[in-house]
There are 2 protein chains.
Amino acid sequence: MDSSRRLVILGSTGSIGTSALEVVDHLAPRFEVVGLVAGRRVELLAQQVTRYRPRIVACGDEDGARRLRALLDGGPVRPRVVWGERGAIEAVREGEPDVVLAAIVGAAGLAPTLAAVETGATVGLANKEALVVAGRLMVERAAASGATLLPVDSEHNAIHQCLRSGRREEVRRLVLTASGGPFRGRAREELAGVSVAEALDHPTWSMGDKITIDSATLMNKGLEVIEAHFLFAADVGEIDVLVHPQSIVHSLVEFRDGSVIAQLGVPDMRHPIQYALTWPDRVAGCCPRLDLAELGTLTFEQPDLEAFPCLALAYEALRLGGDAPARLNAANEVAVEAFLDGRIGFLDIPRVIERTLARTGPGRGEDLDALRDADRQARRVARSLVSGGPTA
Amino acid sequence: MDSSRRLVILGSTGSIGTSALEVVDHLAPRFEVVGLVAGRRVELLAQQVTRYRPRIVACGDEDGARRLRALLDGGPVRPRVVWGERGAIEAVREGEPDVVLAAIVGAAGLAPTLAAVETGATVGLANKEALVVAGRLMVERAAASGATLLPVDSEHNAIHQCLRSGRREEVRRLVLTASGGPFRGRAREELAGVSVAEALDHPTWSMGDKITIDSATLMNKGLEVIEAHFLFAADVGEIDVLVHPQSIVHSLVEFRDGSVIAQLGVPDMRHPIQYALTWPDRVAGCCPRLDLAELGTLTFEQPDLEAFPCLALAYEALRLGGDAPARLNAANEVAVEAFLDGRIGFLDIPRVIERTLARTGPGRGEDLDALRDADRQARRVARSLVSGGPTA
């Protein structure tokens, strides 16, 4: 074992963050937690601070920082407490981390994740927006700083593992698997009237509402196609999606000699988190073992792009390039929120996205400010489309 | 592409050898065929000599060499023609190969394969006996000469590919897949009366009679467990067998972090042959592409050790160590031959092997002569058991 690694967790009180701390517990004393960044769950953050003793902690806002200081007052652990986006960035830099787990959800995670990449640390990427909205920027800054980007979602993490079986130029195709969501097998016309409750009933993973709807529309997989493009420098034609309802094969790589390498495992977020935190080592951890004989059967099918046009739209955004993925992502967030609120139907989600893409951009570039502008513009257009009400 | 590799094929007229020459055709001018070694199929060998122009050719016996010289007489290609085991060894050495494909079937392949290993070349191992009978010897000589051993059967080749995704000490378990043979799912009592014709009806691969029966008894998989032990320095407890009737997942490796890496592909012997010949490169070749969505379903189950005791016997031979695998292999050859001749029943095969193991050895060591003695002794004992006639 190498010496203890200094770790900063961006988003320590979320589901990825708390799973990461479980991994840290199992692998003690492999890690020294030097920085924690969280949003509104200040009580949990205070508990984490007491337990892991970071040098610096960032809260979502000034009020949170005040509450955290009060909770820690008189206790044995007195880290520096900062707040906001600037605080999060400070936490990354001051911790001088070997590894950063970038797990702040949504656009709020962008700037701190970029700051992490710029330190040259190993960055476990669990923030989808980092690559979907600002993929080129992240990859360019990583190349400049020497940072290693390690994907933490199970599909890209699987691809990362499979790629080790050959050289990059020997790869023919990346194949991301998809559970297919709760509406797998339904035809387009059967999807018009699905309810929010039906869409939230995911067969395999228990996740937040937004991501569960993305899984039902297959936009989740579309965003992953975009991530894979940047993460692995793969052309749009080199990335396929394969529906695999059991979620055991986490993804596959086809090499040019016809050999296909797959990564399999019990669905458990702690596995890819641990892989990212301990890379390039593989260590015994807390993940359950896979028993294929007990599972018995694995099935595979092509995705239905007619019933799930969001996947095709993501490919389209990737072909358009530039800020199109950022605009796709923004339009999708607005549309999903409107669907969850009962303001539009399920099939309106791709309609809103398609029209938003057509009516916006391309913007003025790919630096973080320009991408944020493109995001805001797309949200405005998508909201005006949504306020038209249900069209399905 | 690196410069042309000098290739010697031991067993060029067999099914592996001819497949290897198909690979060579597809990948020209990547290889220069410098030596060919074959047994009795002299006409085919003459055609190969005319086409690939090796410097040296070895036939099975003196008569074959005479016939080959006559067939080549007056033609444009005049290689040195030698014969017998000594000739095969000469062909390996004189060719100064970068790569040797060791694909002579049975005990006859042992000495030439060992000679190949001693040259320090990359050796594609397709001769089962090399590792089952003389595994320790092969591995020790490879370590001494610097030879790289690359398995050519699909299971070990798959393991080799999967192992690239981590370090050797990070491996928890090797999992060899098995089609399960024609009698998969049958209980022990249903197997007593099976006919030779039934046993020869293999569901996936078309192979020779001996290996097809080995597949029906699962001894084939047992021998592969022994091979895996030597090839990958894996303890007997680290090697598992998983029945997978579709033969698409060629084998798997479980790492200690719980991650399972699998290699998949269309069943086609040319793939592992090409992998071994071009290693460490992966190149586009002649193998068909895998379409998992079209296949649809993959299934997995535990092997039934009660119905198929040959697999348990192979593990037992590995636990006994020394020359026990050589004696197991010899007894199995005698028993399978007797079954194919209708002299014993299907369930007598493991009985003959078990009794032979109990009544022989351990012999006087693990050099090639001692192992050959152990082989002969086991054959004698097995034959006397077989001559007792059907006991099932």
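Residues numbered from 1 in each chain as written. Chains lettered and ligands numbered in written order. Predicted model: local features only at pLDDT ≥ 70, side-chain atom pairs only at ≥ 80, totals over all residues. Heavy atoms only, no water.

K.L.:
Looking at this structure, I do not really get the interface of chain A and chain B. What am I missing?
P.N.:
Interface size is commonly expressed as the accessible surface area that is lost when the partners come together. Contact residues are listed per partner, giving 43 residues for chain A and 43 residues for chain B. Interface area, chain A with chain B, both sides summed: about 3,600 Å², of which 49% is carbon and sulfur. By the criterion of area lost to chain B, the three top residues of chain A are Asp257, Arg282 and Arg289 of chain A, representing 20% of everything that side buries. Taken together, the connections running from chain A to chain B amount to six salt bridges. For Arg282 of chain B, the salt bridge goes to Asp257 of chain A, with nearest N and O atoms at 2.9 Å. Scanning the region where chain A abuts chain B turns up 28 residue pairs in polar contact (both at pLDDT 80 or more). (Contact = heavy atoms within 4.5 Å. Buried area = accessible area lost by both parts, 1.4 Å probe. Salt bridge = Lys/Arg side-chain N within 4 Å of Asp/Glu carboxyl O. Polar contact = N/O pair within 3.5 Å; in protein donor to acceptor, adjacent residues only side chain to side chain.)

K.L.:
Even after reading the chapter, I still don't get unusual backbone geometry, so can you show me in this structure?
P.N.:
Glycine aside, residues mostly have negative phi angles, and peptide bonds mostly take the trans form. Here Trp279 of chain A and Pro280 of chain A are connected by a cis peptide whose omega angle stands at 5°. Secondary-structure assignment places Pro280 of chain A in the loop between helix 12 (270-278) and helix 13 (292-295). Each neighbour pair has its own omega, and for Ala28 of chain B with Pro29 of chain B the value is 5°, a cis peptide bond. The topology assignment puts Pro29 of chain B in the loop between helix 1 (15-27) and strand 2 (31-37). With a phi close to 55°, Ser247 of chain A is a non-glycine residue in the positive phi region. (Helix = DSSP H or I, 4+ residues; strand = E, 2+ residues; numbered from the N terminus.)

K.L.:
Hey, could you run me through a negative patch on the surface in this one?
P.N.:
All names here are of chain A. Where like charges cluster on the molecular surface, the negative patch consists of Glu189, Glu190, Asp304 and Glu306. Summarising the element assignment, Asp304 is placed in the loop between strand 12 (297-299) and helix 14 (309-320). Assessed through its relative accessible area of 34%, Asp304 is described here as partly exposed. (Patch = residues over 30% accessible without salt bridge, like charges linked within 9 Å, V, L, I, M, F, W, Y side chains within 5 Å. Areas by Shrake-Rupley, 256 points an atom, 1.4 Å probe, with all protein chains shown as cover. Lys, Arg positive; Asp, Glu negative; His and termini not counted. Charge placed at Lys NZ, Arg CZ, Asp CG, Glu CD. Buried < 20%, exposed > 50% of the residue type's maximum accessible area, 1.4 Å probe, protein only.)

K.L.:
Can you help me understand the sheet that holds strand 6 (residues 122-125) of chain B in this one?
P.N.:
Backbone hydrogen bonds hold the strands of a sheet together, and the pairing may be parallel or antiparallel. All names here are of chain B. The seven strands are arranged 4-3-2-1-5-6-7 in an open sheet whose pairing can be described as parallel. Looking at which strands have only one partner, the edges of the open sheet turn out to be strand 4 (80-83) and strand 7 (148-151). Averaged over all pairs of adjacent strands, the angle between their axes in this sheet comes to 25°, without regard to strand direction. (Pairing = 2+ DSSP bridges. Axes fitted to C-alpha atoms, helices over the stretch in contact; angles between N-to-C directions.)

K.L.:
Explain the relation of the copies chain A and chain B here, please?
P.N.:
Mapping one chain copy onto the other needs a rotation about an axis and a shift along that axis. By a simple turn and slide, chain A fits onto chain B: the slide is 0.0 Å along the axis, the RMSD is 0.0 Å, and the turn is 180°. These values place the two chain copies in the arrangement generated by a two-fold rotation axis. By residue overlap, the copies meet face to face through one surface: 100% of the interface positions of chain A are interface positions in chain B. (Least-squares fit on C-alpha atoms with pLDDT ≥ 70 in both.)

K.L.:
Help me out: how do you make sense of the sheet that holds strand 10 (residues 249-255) of chain B in this one?
P.N.:
Taken in spatial order, the eight strands make up an open sheet running 9(A)-8(A)-10(A)-11(A)-11(B)-10(B)-8(B)-9(B), and their pairing is mixed. In this open sheet, the two edge strands, each paired with only one partner strand, are strand 9 (239-243) of chain A together with strand 9 (239-243) of chain B. Pairs of neighbouring strands in the sheet enclose a mean axial angle of 25°, with direction left out of account. In terms of strand pairing, strand 10 of chain B meets strand 11 (residues 260-264) of chain B through five bridges, oriented antiparallel. Within strand 11 of chain B, the residue paired with Glu254 of chain B across the bridge is Val260 of chain B.

K.L.:
I would appreciate a short explanation of the environment of Glu254 of chain B in the present structure.
P.N.:
Within the secondary structure, Glu254 of chain B sits in strand 10. Taking relative accessible area as the criterion, Glu254 of chain B reaches 1% and is therefore assigned buried. Sequence spacing of Glu254 of chain B and Glu170 of chain B is 84 residues, and the spatial spacing of their C-alpha atoms is 9.0 Å. The contact partners of Glu254 of chain B, leaving out residues within four places of it in the chain, are Arg289 of chain A together with Val171, Arg172, Arg173, Ser259 and Val260 of chain B. At a separation of 2.8 Å, a polar atom in the side chain of Glu254 of chain B contacts the side chain of Arg289 of chain A. A polar atom in the side chain of Glu254 of chain B sits 2.8 Å from the side chain of Arg172 of chain B.

K.L.:
What exactly am I supposed to notice about the side chain of Thr217 of chain B here?
P.N.:
Residues and elements named next belong to chain B. Note on placement: Thr217 falls in helix 10 (residues 209-217). According to the relative accessible area criterion, Thr217 is buried, its value standing at 3%. There is a polar contact of 3.0 Å between the side chain of Thr217 and the backbone nitrogen of Met219. Not counting residues within four places of it along the chain, the set of residues in contact with Thr217 comprises Phe308, Cys310, Phe346 and Ile349.

K.L.:
Can you help me understand the packing of helix 11 (residues 219-231) of chain B against helix 14 (residues 309-320) of chain B in this one?
P.N.:
When two helices pack together, their arrangement is given by the angle between their axes and by how far apart the axes lie. Residues and elements named next belong to chain B. At a closest axis distance of 7 Å, the pairing of helix 11 and helix 14 adopts a crossing angle of 25°. The angle between the axes of helix 11 and helix 14 places the two elements in the roughly parallel class. Crossing of helix 11 over helix 14 shows right-handed handedness. Mapping the contact onto sequence places Met219, Lys221, Gly222, Leu223, Val225, Ile226 and His229 in helix 11 and Cys310, Leu311, Ala314, Tyr315 and Leu318 in helix 14. (Parallel < 35°, antiparallel > 145°, perpendicular 65-115°, else oblique. Left-handed = near helix turned anticlockwise from the far one by under 90°.)

K.L.:
What is the right way to read the domain arrangement of chain A from this model?
P.N.:
All names here are of chain A. Its domain assignment divides chain A into domain 1 (5-152) and domain 2 (157-267 + 293-387). Averaged C-alpha coordinates put domain 1 and domain 2 at centres separated by 26 Å. For the pairing of domain 1 and domain 2, the buried interface totals around 1,800 Å² over both sides, and the portion due to carbon and sulfur atoms is 65%. When the buried area of domain 1 at its contact with domain 2 is split by residue, Lys128, Val132 and Pro151 rank highest and sum to 35% of it. At the boundary of domain 1 with domain 2, the tally comes to four salt bridges. The salt bridge partner of Glu227 is Lys128, with a shortest N-O separation of 3.4 Å. Taken together, the connections running from domain 1 to domain 2 amount to four residue pairs in polar contact (both at pLDDT 80 or more). The set of elements that each furnish at least two residues to the side of domain 1 that touches domain 2 consists of helix 5 (110-118), helix 6 (128-132), helix 7 (135-145) and strand 7 (148-151). (Domains from an automatic or database assignment.)

K.L.:
Looking at this model, I keep getting lost on the pattern of salt bridges. Mind explaining?
P.N.:
One side chain can pair with another of opposite charge once the charged atoms of both are near each other. One pass over the full model with this rule turns up 80 salt bridges over all chains. The closest approach of N and O atoms between Arg66 of chain A and Glu62 of chain A, which form a salt bridge, is 3.8 Å. Taken together, the residues span about one helical turn, with Arg66 of chain A and Glu62 of chain A both in helix 3 (residues 62-72) at a distance of four residues. Put simply, Arg327 of chain B and Asp323 of chain B hold a salt bridge, and the shortest N to O gap is 3.0 Å. Classification of Asp323 of chain B as buried rests on a relative accessible area of 4%. Each of Arg5, Arg30 and Asp281 of chain A together with Arg167, Glu169 and Glu170 of chain B takes part in a single network of salt bridges with overlapping partners.

K.L.:
Please explain the pairing of strand 6 (residues 122-125) of chain A as it appears in this structure.
P.N.:
Regular strands place side chains that alternate from one sheet face to the opposite one. All names here are of chain A. The two faces of strand 6 match: Thr122 and Gly124 on one face and Val123 and Leu125 on the other face are all buried. Bridge count between strand 5 (residues 99-102) and strand 6: four bridges; the pairing is parallel. The partner of Leu101 across the bridge, within strand 6, is Gly124. Remark: the strand 5/helix 5/strand 6 crossover connection has right-handed handedness. Where strand 6 lies against strand 7, four bridges are found, and the strand directions are parallel. For Leu125, the partnering residue across the bridge sits in strand 7 and is Pro151. (Right-handed = clockwise from strand over helix to strand, strands pointing away.)

K.L.:
Can you help me understand the packing of aromatic side chains in this one?
P.N.:
By convention here, two paired aromatic rings are described through the distance between centres and the angle between planes. Considering all chains together, one arrives at four aromatic pairs over all chains under this definition. The interplanar angle of 85° and the centroid separation of 5.1 Å between the aromatic rings of Phe183 of chain B and Phe346 of chain B together place this pair among those described as edge-to-face. With a gap of 163 residues between them, Phe183 of chain B in the loop between strand 8 (171-178) and helix 9 (196-199) and Phe346 of chain B in the loop between helix 15 (324-340) and helix 16 (348-359) connect regions that are remote in the sequence. Measuring from ring centre to ring centre gives 5.6 Å for Phe339 of chain B and Phe346 of chain B, while their planes differ by 70°; the resulting arrangement is edge-to-face. By the burial criterion, Phe339 of chain B is buried, and Phe346 of chain B matches it. One aromatic cluster is present, built from ring pairs that chain together Phe183, Phe339 and Phe346 of chain A. Lying across the ring of Phe255 of chain B, Arg282 of chain A places its NZ or CZ 4.3 Å from the centre. (Phe/Tyr/Trp six-rings, centres within 6.5 Å; stacked < 30°, edge-to-face > 60°. Lys NZ or Arg CZ within 6 Å of the ring centre and 35° of its normal.)

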